[in-house]
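The chain contents come next:
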Amino acid sequence: MKKIRLKIKILLLSITCMLFTSCFDLVEEIDMKADGSGSIKATLNLSKSKTKVASLMKMKSVNGLTIPSQATIKSETATIIKILQSTPGISRVNHTLDFTNFIATISCDFTSVTALNSFTKTLAQHFKSPLGNNHSYSYNNKSLTFGRQYTYASSMSKEFSKLSQNDRKLFDDAFYTQIVRFDKSVKSQNNPTAKLSATKKAVLLKIKATDLISGKASVANNIVLQN
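Residues numbered from 1 in each chain as written. Predicted model: local features only at pLDDT ≥ 70, side-chain atom pairs only at ≥ 80, totals over all residues. Heavy atoms only, no water.

### Describing the nonpolar core
Convention followed: Working definition of a nonpolar core: buried Ala, Val, Leu, Ile, Met, Phe, Trp, Tyr and Cys residues. They are joined through side-chain atoms within 4.5 Å. Burial classes follow relative accessibility: with a 1.4 Å probe on protein chains only, a residue under 20% of its type's maximum area counts as buried, one over 50% as exposed, and anything between as partly exposed. Throughout, a contact is declared for two residues whenever any of their heavy atoms are within 4.5 Å.
Counting 50 residues, the largest nonpolar core has M32, F110, F146 and F182 as its most contacted members. Sequence-distant contacts of F182, that is, excluding residues within four places in its chain, are made with M32, F146, K201, V203, I223 and L225.

Structure below.
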């Protein structure tokens, strides 16, 4: 998923426009089991700018960007949930929308990374996003290797450069964080930015949004577990 990337995009694309006027955090948590199944939870947190976001939502547009109403956000969320519920291998779909602190979450279980990738591509097609083309997960239960493949899209930097200097500065406090937890201990991982937890059963990756947009950082990783 995600995303979400990002992604993310992936969580609530209906409020993307707010990200151009507020600092935010996107957190993706994946719990992987040895058989390749697991669960994912994505959280979009704009609480650091909740006063500003609350004011923005009273307006129809800012700098040419349409500000969605609560009704629109709820409608888009319902669409995402329906897509997720109809994706083979996905179950136990849950979500929350907090319009006081402006925190949104979406979570589900998946039977395999194939289901996870299928969900990502389905959402990408629905929202006409290139996300599904430059990002995917893989898992080999024989070699106990969990991988995340990612290809940087230069279009992100081009779109970002179109923003005013003041709007670009607002991304200085924006971060993307991914936490992947496992049943087994991690033997190795090859993302230079990622960190291994004290228990050696989780990998943490926290990247500044500006570094991800510019291509200075990557979310790609290859994690090998202990037998």
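Once the structure has been displayed, the description carries forward.
### A short note on the sheet that holds strand β13 (residues 202–208)
Test applied: Strands qualify as paired when DSSP identifies two bridges or more between them. Where helices and strands are cited, they refer to DSSP runs of H or I of at least four residues and of E of at least two residues respectively, numbered from the N terminus.
Spatial ordering of the open sheet is given by β6-β7-β3-β2-β10-β13-β12, a layout of seven strands whose pairing is mixed. Of all the strands in the sheet, just β6 (90–98) and β12 (195–196) have a single pairing partner and so form its edges. Across seven bridges, strand β10 (residues 175–182) lies against β13 in antiparallel orientation. If you follow R181 over to β13, its bridge partner there is A202.

### Describing the pattern of salt bridges
Let me state the cut-off plainly: Salt bridges are identified by distance alone: a Lys or Arg side-chain nitrogen within 4 Å of an Asp or Glu carboxyl oxygen.
In total, this model carries four salt bridges according to the counting rule given. Across the pair R92 and D109 runs a salt bridge, and its minimum N-O distance is 3.4 Å. Separated by 17 residues along the polypeptide, R92 in strand β6 and D109 in strand β7 (residues 103–110) bring together distant segments of the chain. Residues joined in a network through salt bridges with shared partners are E29, D31 and R181.

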